[in-house]
Amino acid sequence: MSALLRQIPANIPQDIRKIRIENSHLTELPRGSFENVSALEYLWLNFNNITVMHIKSLEYLPALKELRLQGNKLSSVPWTAFQDTPALKILDLKHNRLDVLPEHALRYLPNLTYLDLSSNQLTVISRDVFYSWPVYQRSHRAEGQIEAISNAVLALHDNPWICDCRLRGFVQFIKSVGPPIILMNSYLTCSSPKFRAGKFFHEVELNSCMKPLTSALDTNLTVPVGLNVTLTCFVQASPSPAVWWTYTLKLLRAFNVSTEPISEETVRSELLIPAARPADAGNYTCTAANFLGNTSVAITLRVGAPWASTTPPGWVPIAHAEPAAHVEVRIAKQTVYGITLEWFAATAAAAEPGETWYTLLVGRYDAAQKDAIYIGPGINTYSVTDLLPATKYEVCVAVRNQVPRKGQCVVFVTGSDISQLEQREKLIHIIVIVCAMVLAVPAGMYACTAEARPGCLARCPGACPRRRRGGQAQAAGSKESTLDSLPAGSEDGLCRPEGGRGSRRPPAREEPGKTRPPHRNSADLY
């Protein structure tokens with residue numbers, strides 16, 4: 001007891017009839033562990049760490065009557081090993097990790113009178129395990145005969161039984177079992193599925209197993225651009241199947257799929273496609289599978305023309321009944337190659353930020369169609385990169401795919417000389433022209449800011465006359481927004497009176513032997 005043994009001692013006397021090694025450190029029973037003690041009748045190895053039992057570990061033990069392996073870590077047992085122990089009457093395997101009981105498990109235990117498999121991990125077993133047990137077979141042959149048959153105690157409680165069609169035969173066996181087989185605890189309970197958890201075996205009626213049968217209410221759908229689409233398929237199967245969706249042979253991510261039971265043998269699976277685009281059109285396949293096989297149903301989605309609306313180019317409303325949601329947009333960061341936008345929904349439509357989708361339209365200011373980007377819940381920033389030099393861009397943000405309202409767009413112009421900006425780390429490639437809101441300031445002033453060259457500065461007094469109406473401009477700007485959202489770096493080169501710092505900037509040097517391309521001033525874009 002509590003010895004530091006790691007293996008069965010090799011010098012056990014041959015006439016020993018009982019061995020008891022408990023609370024020790026045994027981890028396995030190797031081949032021929034007891035070949036020198038053939039007279040052994042009782043073997044107790046409880047509460048060790050035995051995980052492996054060799055198929056010939058019980059060899060040379062024809063007289064063994066009792067084997068107790070309680071409280072070990074066995075996940076499987078080589079049941080054919082009991083061919084070497086024909087006299088075995090008591091087998092105690094409780095509090096192990098057994099999860100499978102093969103059909104031939106009890107075939108080599110003809111004289112067993114006590115079998116304890118309680119408190120393991122058994123979930124599903126076949127009734128044929130017991131129909132092939134010699135003890136059960138003898139009891140049926142002896143019906144109506146005056147023949148004394150020893151009772152056999154069977155313990156199967158405290159296992160996580162899955163009460164579906166696969167357990168149907170075993171449940172019927174438990175309901176009908178009687179002497180000489182006696183259940184230590186006849187109140188076996190279901191652990192799953194959820195709607196049967198905690199119920200006793202005698203309270204449930206299980207149906208036969210069934211291969212999945214998939215169906216859909218509509219296998220051809222046509223929707224307008226921008227509509228949130230939910231594809232639904234129904235599956236009848238027993239046991240409950242695994243369900244997944246594929247699109248052009250690619251498995252779709254699970255966060256867009258929800259599957260739930262609607263009855264004992266029927267589940268409903270839904271695939272959400274937010275703000276459908278033409279690129280989303282195609283065949284979507286819902287597949288269901290259980291151990292009997294698999295079936296699938298295909299749903300064809302067509303994305304048609306957008307709903308008619310007087311909206312800016314590239315924008316399509318999808319839910320006119322929903323209240324309009326205002327989004328505050330600002331530029332959070334500027335880099336050599338792009339900008340990072342940040343936005344905040346400011347109405348009741350954003351009451352559930354974890355469920356709100358956003359739509360971004362990005363493109364040239366004068367483009368009739370802009371690229372649509374769909375941003376999932378919980379994200380409120382996006383970086384616009386890989387922009388062309390000396391180009392005017394517009395980026396708009398809206399909740400879901402609603403029409404963007406005033407102040408939800410950012411217009412900016414990229415610098416015209418990338419090489420100089422890349423060499424100067426502190427200079428910013430992207431110069432904001434109009435930030436989150438529409439500002440009541442002459443556009444020419446910001447065009448000067450974009451270039452900040454002496455030639456441009458010379459023309460500034462006409463476009464922004466020394467802020468002589470600064471009070472009016474500030475008043476108008478306070479209603480819409482302020483310049484606070486502009487990073488400090490973008491203030492270099494603002495229009496100043498003649499003689500200011502801006503007028504003393506030396507012109508950029510031309511590289512010798514290099515022809516200077518025709519200059520394209522960003523101000524010309526306005």
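To start, this report covers the structure provided alongside it. (Residues numbered from 1 in each chain as written. Predicted model: local features only at pLDDT ≥ 70, side-chain atom pairs only at ≥ 80, totals over all residues. Heavy atoms only, no water.)

## Looking at the overall build of the chain
Part 1 of the reasoning: Of the regular secondary structure elements, the chain holds eight helices and 28 strands.
Part 2 of the reasoning: Across the 526 residues in the chain, those meeting the buried criterion constitute 43%.
Part 3 of the reasoning: Across the chain, every contact between residues at least 6 apart in sequence was considered, and the portion connecting residues at least 24 apart equals 64%.
Part 4 of the reasoning: In the form shown here, the chain has an accessible surface area of approximately 27800 Å², with 51% of it arising from carbon and sulfur atoms. (Helix = DSSP H or I, 4+ residues; strand = E, 2+ residues; numbered from the N terminus. Buried < 20%, exposed > 50% of the residue type's maximum accessible area, 1.4 Å probe, protein only. Contact = heavy atoms within 4.5 Å. Areas by Shrake-Rupley, 256 points an atom, 1.4 Å probe, with all protein chains shown as cover.)

## Structural notes on the environment of Pro160
Part 1 of the reasoning: Along the polypeptide, Pro160 turns up in the loop between strand E8 (152-155) and strand E9 (161-162).
Part 2 of the reasoning: Note on Pro160: relative accessible area 25%, which makes it partly exposed.
Part 3 of the reasoning: Spatially, the C-alpha atom of Pro160 lies 6.2 Å from that of Leu122, the residues being 38 residues apart in sequence.
Part 4 of the reasoning: Sequence-distant contacts of Pro160, that is, excluding residues within four places in its chain, are made with Asn120, Gln121, Leu122, Thr123 and Ser191.

## Re the pattern of salt bridges
Part 1 of the reasoning: Overall, the coordinates contain 15 salt bridges when judged by the stated rule.
Part 2 of the reasoning: Residue Arg196 pairs with Glu264 through a salt bridge whose shortest N-O separation is 2.2 Å. With Arg196 in the loop between strand E11 (190-192) and strand E12 (210-215) and Glu264 in the loop between strand E17 (257-261) and strand E18 (266-273), the pair connects residues that are 68 residues apart, well separated along the chain.
Part 3 of the reasoning: Relative accessible area serves as the criterion here: at 7%, Arg196 is assigned to the buried category.
Part 4 of the reasoning: For Glu264, a relative accessible area of 39% corresponds to the partly exposed category.
Part 5 of the reasoning: With a closest N to O distance of 3.9 Å, Asp280 and Arg277 form a salt bridge.
Part 6 of the reasoning: Residue class for Arg277 comes out partly exposed when judged on its relative accessible area of 32%.
Part 7 of the reasoning: Via salt bridges that share partners, Glu66, Arg68, Asp92, Lys94 and Asp116 belong to a single interconnected network. (Salt bridge = Lys/Arg side-chain N within 4 Å of Asp/Glu carboxyl O.)

## Section: the state of the cysteines
Part 1 of the reasoning: Under the definition given, this model contains four disulfides.
Part 2 of the reasoning: At a sulfur-sulfur separation of 2.0 Å, the disulfide partner of Cys163 is Cys190. Disulfide Cys163-Cys190: the torsion about the S-S bond is -90°, which places it as left-handed. Placement of Cys163 in the loop between E9 and helix H3 (168-176) and of Cys190 in strand E11 is noted, with a sequence separation of 27 residues between them.
Part 3 of the reasoning: Paired by a disulfide, Cys233 and Cys286 hold their sulfur atoms 2.0 Å apart. Of the two residues, Cys233 sits in strand E14 (residues 229-238) while Cys286 sits in strand E19 (residues 282-290), which places them 53 residues apart along the sequence. No difference in accessibility class separates Cys233 from Cys286, as the two residues are buried. (Disulfide = S-S within 2.5 Å.)

## Quick word on the packing of aromatic side chains
Part 1 of the reasoning: Taken as a whole, this structure holds twelve aromatic pairs when the rule is applied.
Part 2 of the reasoning: With centroids separated by 5.8 Å and ring planes inclined at 50°, the aromatic side chains of Trp79 and Phe82 adopt a geometry described as tilted.
Part 3 of the reasoning: Between Phe170 and Phe201, the aromatic rings sit 5.9 Å apart at their centres with planes inclined by 85°, giving edge-to-face as the arrangement. Of this pair, Phe170 sits in helix H3 while Phe201 sits in the loop between E11 and E12, and the two are 31 residues apart along the sequence.
Part 4 of the reasoning: On the basis of relative accessibility, which here comes to 0%, the residue Phe170 falls in the buried class.
Part 5 of the reasoning: When its relative accessible area of 1% is taken as the criterion, Phe201 is described as buried.
Part 6 of the reasoning: An aromatic cluster is present here, built from Phe130, Tyr131, Tyr136, Trp161, Phe170, Phe173 and Phe201 joined pairwise through their rings.
Part 7 of the reasoning: Geometry around Trp44 places Lys18 over its ring, the cationic atom sitting 4.7 Å from the centre.
Part 8 of the reasoning: In this structure, Lys392 packs its charged tip against the face of Tyr365, placed 3.9 Å from the ring centre. (Phe/Tyr/Trp six-rings, centres within 6.5 Å; stacked < 30°, edge-to-face > 60°. Lys NZ or Arg CZ within 6 Å of the ring centre and 35° of its normal.)

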